[in-house]
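Structure assessment
Chain residues, written in single-letter form:
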Amino acid sequence: MYKATIGIEVHAQIKTKTKMFCGCKVEFLGKPNMNICPVCMGEPGILPRINGRAVKLAVRTALALHAKINMRSIFARKNYFYPDLPKGYQITQSIPLAEGGYVEIYTENGKKKIAITRLHIEEDAGKLFHTAEGHSFVDFNRSGVPLMEIVSEPVIENEKEAVAYLRRLRQILRYVESSDADMEKGQFRCEPNISVSKEEKRGIKTEVKNLNSLKAVERAIKYEISRQKEVIEDGGTVIQQTMLWDEKKQMAIPMREKEGVAEYRYFKEPDLIPLFLHDEDIDEQRKYIPELPNEKFDRLIVQYGIKKEEAEILVDSPDIASYFEKSVGSGCSPKYAIGWITTDILGELNKAGKKFSHIKIKPSHLADLNKLIDNKTINMNIAKKILHSIIFTGESVIDYVKVNNLAQVTDENAIENAVKEVIEENVKEVERYMNGEEKLFGFFVGQVMKKMKGKANPGVVNKMLKDILNRR
Ligand SMILES: [Zn+2]
């Protein structure tokens, strides 16, 4: 039996207005090379200055990850040449801001803690663009943008756990507002290292880069595990290297053999003194930590009796979770609220290509719909119709029912007449039904509902149909 061992490095962009060591603006899609200065361009004689806000947000993140914060951490230079790195080195940390900690995930076998090795602060490099004509361009706007590198222990066993870990980690960053962690904008970059082995000892690992979505991470890990297994099965050895994920070809392509640590010639950043933290700095950040995703997940299930998958949807977006809780608070049953939100509202948003913040329908609308169902003014089908109609208008439910004459007909005479008509109009179907074709009952219900323009109380329709058909 082969066992896969996976560790993941994440680079998350810290949500600051300015860069890590200078006052240049942090901006996505700014005009190229507009947000630069001598410091982030590495011109001679420059002096970096630490962005205090970035440190605070990194401390907050470390707390949310249950990590131990180092009261003294050290900035260091990692030396290498690359066209997107004008300084010739990157400032990172040799003693990290924090060590240890974990992210708890849910697997098929229950809860599992994915241990964190360390969290350190560093600066980002620029960005290269290559044209089809063979020209290359470089944009230094991203040079010096603050990053947190979060490294996991190699304790992840498959692609599913990897995705669960990354999803939870991303949620935590968003909950504590230390990063927007948008993968498409490169604010949350994941580099898994993967090895397989038949023995206890870990096999030779490869690293995969260029993963722009969690789906890509999942596919790349799956691909790499089976590729390495095949190499070993065929009697070969896995080479330690960095691979690039090709989303179009759905395969990982070797990029370069991995550099050893020594080749970067790390040394202390001579222009920065050690970063000292005080207890007050840490206590201050503790105050900004809200209910975290795992706590929310457990609470929602216990408090509202919703399913795990439903809770997962709510946890992924605190806005939606809060909307759900407000709906229940206004008097909507949790069962109706979760169904309407996750199926109807999110479905409609998906279709329209809009965001949750675009909806006009309020939690109180859901409570109103629930009330009208309870007092038998409308049935579930009509409720859904109304819901879909008012998502982007926020019209009053009561008015909508009045204006569109949607109140349910519970008048038994009207329903009885419709039932009789349907039976008269469908003699053949009635005969088949009487001969045992019971599934036709649904057809009769449909026909009666059609005659009643969908407004008949389905309970009454069912009962009446059964009574009349059985009397024959
Ligand atoms: Zn700058």
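Predicted model, so just to flag it, every value in this text is computed and none were measured.

In this section: the domain arrangement of the protein. Structurally, the protein comprises domain 1 (3-286), domain 2 (293-403) and domain 3 (412-471). Here domain 1 and domain 3 have C-alpha centroids that lie 64 Å from each other.

Another aspect to go through is the side chain of Ser152. Relative to the assigned elements, Ser152 resides in strand β10 (residues 146-152). By relative accessible area, Ser152 is classed as buried at 5%. Discounting chain neighbours no more than four positions away, the residues touching Ser152 are Gly7, Ile8, Ile114, Ala115, Ile116, Thr117 and Tyr165.

Turning our eyes to something else, we now look at the coordination of the zinc ion. Coordination of the zinc ion by the protein comes from Cys22 (SG), Cys24 (SG), Cys37 (SG) and Cys40 (SG), over a distance range of 2.3 to 2.4 Å. Within one chain, the residues serving as donors to the zinc ion are arranged as C-x1-C-x12-C-x2-C. With Cys24 in the loop between β1 (3-13) and α1 (38-41) and Cys40 in helix α1, this pair connects stretches of sequence that are 16 residues apart. An identical accessibility class is assigned to Cys24 and Cys40; each is buried.

What follows covers helix α6 (residues 293-304). Taking 1.5 Å of rise per residue, the twelve residues of α6 would be expected to cover 16 Å, and the 16 Å separating its terminal C-alpha atoms lies within 8% of that figure. Considered for burial, the residues of α6 that qualify are Pro293, Asn294, Lys296, Phe297, Leu300 and Tyr304. The arc that holds the buried residues of α6, viewed along the axis, is 165 degrees, so those residues lie on one side. Residues of α6 that are buried sit in contact with β6 (102-107), α3 (159-175), α7 (308-316), α8 (318-329) and α9 (334-352). Remark: Gly305 follows α6 within two positions and exhibits a positive phi of approximately 65 degrees.

All right, on to the packing of aromatic side chains then. A complete count under the given rule lists eleven aromatic pairs for this structure. Here Phe21 and Phe75 contribute two aromatic rings whose centre-to-centre distance is 5.6 Å and whose plane-to-plane angle is 85 degrees, an arrangement assigned as edge-to-face. Taken together, the positions of Phe21 in the loop between β1 and α1 and Phe75 in strand β3 (residues 72-79) put the pair 54 residues apart, joining distant regions of the chain. Each member of the pair, Phe21 as well as Phe75, carries the same accessibility label: buried. Measuring from centroid to centroid gives 5.3 Å for Tyr336 and Trp340, while their planes differ by 25 degrees, and the two rings are stacked. With a gap of four residues between them, Tyr336 and Trp340 both fall in helix α9, about one helical turn apart. By way of ring pairs, the aromatic residues Tyr433, Phe441, Phe443 and Phe444 are connected into one cluster. For the cation-ring pair, Arg168 lies above Phe297, with the distance from its terminal atom to the ring centre recorded as 5.5 Å. Over the ring of Phe441 we find Lys466, and its NZ or CZ is 5.0 Å from the ring centre.

Conventions we followed
- Residues numbered from 1 in each chain as written.
- Predicted model: local features only at pLDDT ≥ 70, side-chain atom pairs only at ≥ 80, totals over all residues.
- Heavy atoms only, no water.
- Domains from an automatic or database assignment.
- Helix = DSSP H or I, 4+ residues; strand = E, 2+ residues; numbered from the N terminus.
- Buried < 20%, exposed > 50% of the residue type's maximum accessible area, 1.4 Å probe, protein only.
- Contact = heavy atoms within 4.5 Å.
- Donors = N, O, S within 2.8 Å, 3.2 Å for Na, K, Ca; no water.
- Expected span 1.5 Å × (residues − 1).
- Arc of directions from axis to C-beta.
- Phe/Tyr/Trp six-rings, centres within 6.5 Å; stacked < 30°, edge-to-face > 60°.
- Lys NZ or Arg CZ within 6 Å of the ring centre and 35° of its normal.

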